[in-house]
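# Close look at the chain arrangement
Listed here are the chains, written in short residue letters.
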Amino acid sequence: MGERETVSLCKAYEDLFLIGAAVNRYTLHSEKQLIQKHFNSLTAENEMKFEQIQPREGQFNFDYADELIHVSEQFGHKLRGHTLVWHNQTSDWVFEAPDGKELNRELLLERMRRHISTLLTRYQGKFFSWDVVNEAISDQKGEFLRPSPWLEVIGEDFIDHAFHYAHEADPDALLFYNDYNESDPEKRDKIYQLVQSMLKRDVPIHGVGLQAHWNLYEPSLDHIKQAIEKYASLDLQLQITEMDVSMFRFDDHRTDLLKPTEEMLEKQAERYEQMFKLFVEYKQHISSVTFWGVSDAYTWLSDFPVRGRKNWPLLFDTNHQVKPAYWRVLDQISSVKG
Ligand code: GLA
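The rules we used
Residues numbered from 1 in each chain as written. Predicted model: local features only at pLDDT ≥ 70, side-chain atom pairs only at ≥ 80, totals over all residues. Heavy atoms only, no water. Helix = DSSP H or I, 4+ residues; strand = E, 2+ residues; numbered from the N terminus. Rg over C-alpha atoms; globule rule 2.2 N^0.38 Å. Contact = heavy atoms within 4.5 Å. Areas by Shrake-Rupley, 256 points an atom, 1.4 Å probe, with all protein chains shown as cover. Lys, Arg positive; Asp, Glu negative; His and termini not counted. Charge placed at Lys NZ, Arg CZ, Asp CG, Glu CD. Expected span 1.5 Å × (residues − 1). Buried < 20%, exposed > 50% of the residue type's maximum accessible area, 1.4 Å probe, protein only. Arc of directions from axis to C-beta. 1 Å grid on protein atoms, 1.4 Å probe; cavity = no way out; pocket = protein on both sides within 12 Å on 5 of 7 lines; lining within 4 Å. Points joined across faces, edges and corners; volume = space filled by probe spheres on them. Nonpolar A, V, L, I, M, F, W, Y, C, P; charged D, E, K, R; others polar. Near = heavy atom within 4 Å. Polar contact = N/O pair within 3.5 Å; in protein donor to acceptor, adjacent residues only side chain to side chain. Sits in = over half its atoms within 2 Å of the grid points. Salt bridge = Lys/Arg side-chain N within 4 Å of Asp/Glu carboxyl O.

## Focus on the overall build of the chain
- Broken down by element type, the chain carries twelve helices and nine strands.
- Computed over C-alpha atoms, the radius of gyration of the chain comes to 20 Å, within 12% of the 20 Å expected from 2.2 N^0.38 for 338 residues, which places it in the range of a compact globule.
- Along the three orthogonal principal directions, the C-alpha set of the chain runs to about 75 × 40 × 40 Å.
- Excluding contacts between residues fewer than 6 apart, the proportion of contacts in the chain whose partners are at least 24 apart in sequence is 76%.
- Within the structure as shown, the chain displays about 15,100 Å² of accessible surface, and the carbon and sulfur contribution to it stands at 47%.
- For the chain, the separation between the mean place of its 38 positive charges and that of its 55 negative charges on side chains is 2 Å.

What follows is the structure, encoded as structure tokens:
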């Protein structure tokens, strides 16, 4: 029997939604062939986060974003901007009082505005969507917003301000609120409540980003479906922004595996199949699905939450070859197209 020929994932899905990948300054080159063939959207994994793009006040480092644009223009990729306001990977100076002054709400808002407007003005028309605020909702039961300097110094309306600043700088960009554990019922309801209240206040927000850092066991398919339905009822776009399917439960710290077992690969293929079946079902609401990486050769999960432990969460293996999960994702679209 002849080998089945691989086809471009993003071409297969082009009538439904974009297929994206997070890339960094190494994988942009080391994974070039896969990036060209299978993906039509790119996101910077780390290089456009606050601490990397504005490491010191007023000193911007645009090299990598410019390179990303160059590559995307060559191969026709769309670009998602990630991320403008976050409690993590944000330079210390942002929250430090300047000499002789105190750090107050006005000053922090001004720093936020300058950061956002510098990026969105420079990249107007280049990045079609932006994660404006990342992970502002708390994972703790009974707590709404996550404690952070943004919240502490500015107050709850820091989120609204970020979206207003972004919209002023690039009125055409699609603006997203992005979070993880998005399918957990309690957190889902908080995210929904936040976005719904923003819409009531006429805050310019256009979508919810579901990070989708999932694993072989969690979240359940029902929880994913309920989350998609709930967010979709806000009548905004949904984007799956950071998808990966880890081989380990979050609290599983085993380190003995040198490669994934056949059972794991099969279970992962099944999970991807079920998840993409849902994405296809909700295609009217979903405008892009981005993987948090390209192949298992490099994934942030090989260091998190267990340092140095290899993980295999993506559709292509460590040698850039397709995995069982790739075929199952592809087959979801063939079944729609008939
Ligand atoms: C979060 C962030 C991403 C990235 C991942 C881990 O999901 O949004 O930028 O840091 O964690 O890579």
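That shown, we press on.
## Here's the deal with helix 10 (residues 221–232)
- Compared with an ideal rise of 1.5 Å per residue, which puts twelve residues at 16 Å, helix 10 spans 16 Å between its outermost C-alpha atoms and is within 8% of the ideal.
- Every buried residue belonging to helix 10 is among I224, A227, I228, Y231 and A232, and all of these are buried. Buried residues in helix 10, looked at end-on, bunch into an arc of 125°, giving them a common side.
- The secondary structure elements touched by the buried residues of helix 10 are helix 9 (185–200), strand 6 (207–210), strand 7 (213–215), strand 8 (237–246) and helix 11 (262–281).

## Considering empty space enclosed by the protein
- For the structure shown, the criterion picks out two cavities of 30 Å³ or more.
- The volume enclosed by the largest cavity comes to roughly 50 Å³.
- For the largest cavity, the full set of lining residues is V85, W86, H87, V133, N134, E135, A136, R146, S148, W150 and F158.
- Of the residues in the lining of the largest cavity, the class split is six nonpolar, three polar and two charged.
- Taken as a whole, the second largest cavity spans an internal volume of roughly 30 Å³.
- If you go around the second largest cavity, the residues you meet are Q54, E57, W93, R111 and R114.
- Its residues assigned to classes, the lining of the second largest cavity comprises one nonpolar, one polar and three charged.

## Observations regarding the site of the ligand
- Close to the ligand lie K49, H82, W86, Q89, N134, E135, Q211, H213, E242, W292 and W300, which account for all nearby residues.
- The contact in question runs from an oxygen atom of the ligand to an N or O atom on the side chain of H213, over 3.2 Å.
- In a pocket analysis with a 2 Å cut-off to the grid points, the ligand is assigned to the largest pocket.
- Grouping the amino acids of the shell around the ligand by side-chain chemistry returns three nonpolar, five polar and three charged.

## Regarding the pattern of salt bridges
- By the definition in use, this model includes 23 salt bridges.
- Across the pair D179 and K187 runs a salt bridge whose closest N-O atoms are separated by 3.1 Å. In terms of burial, D179 and K187 fall into one category: buried.

## Looking at helix 9
- Relative to the 22 Å expected for 16 residues at 1.5 Å per residue, helix 9 spans 22 Å between its end C-alpha atoms, a close match to the ideal helical length.
- As for helix 9, its buried residues are in contact with helix 8 (158–169), strand 5 (174–179), strand 6 and helix 10.
- Note on helix 9: the residue one or two positions beyond its end, D202, has a positive phi of about 60°.

## Observations regarding the layout of surface pockets
- Here the largest pocket is characterised by a volume of approximately 910 Å³.
- Of all elements in the fold, only strand 7 and strand 8 reach the threshold of two or more residues within the lining of the largest pocket.
- Of the residues belonging to the lining of the largest pocket, the class tally is twelve nonpolar, 13 polar and eleven charged.
- Computed from the structure, the second largest pocket encloses a volume of approximately 190 Å³.

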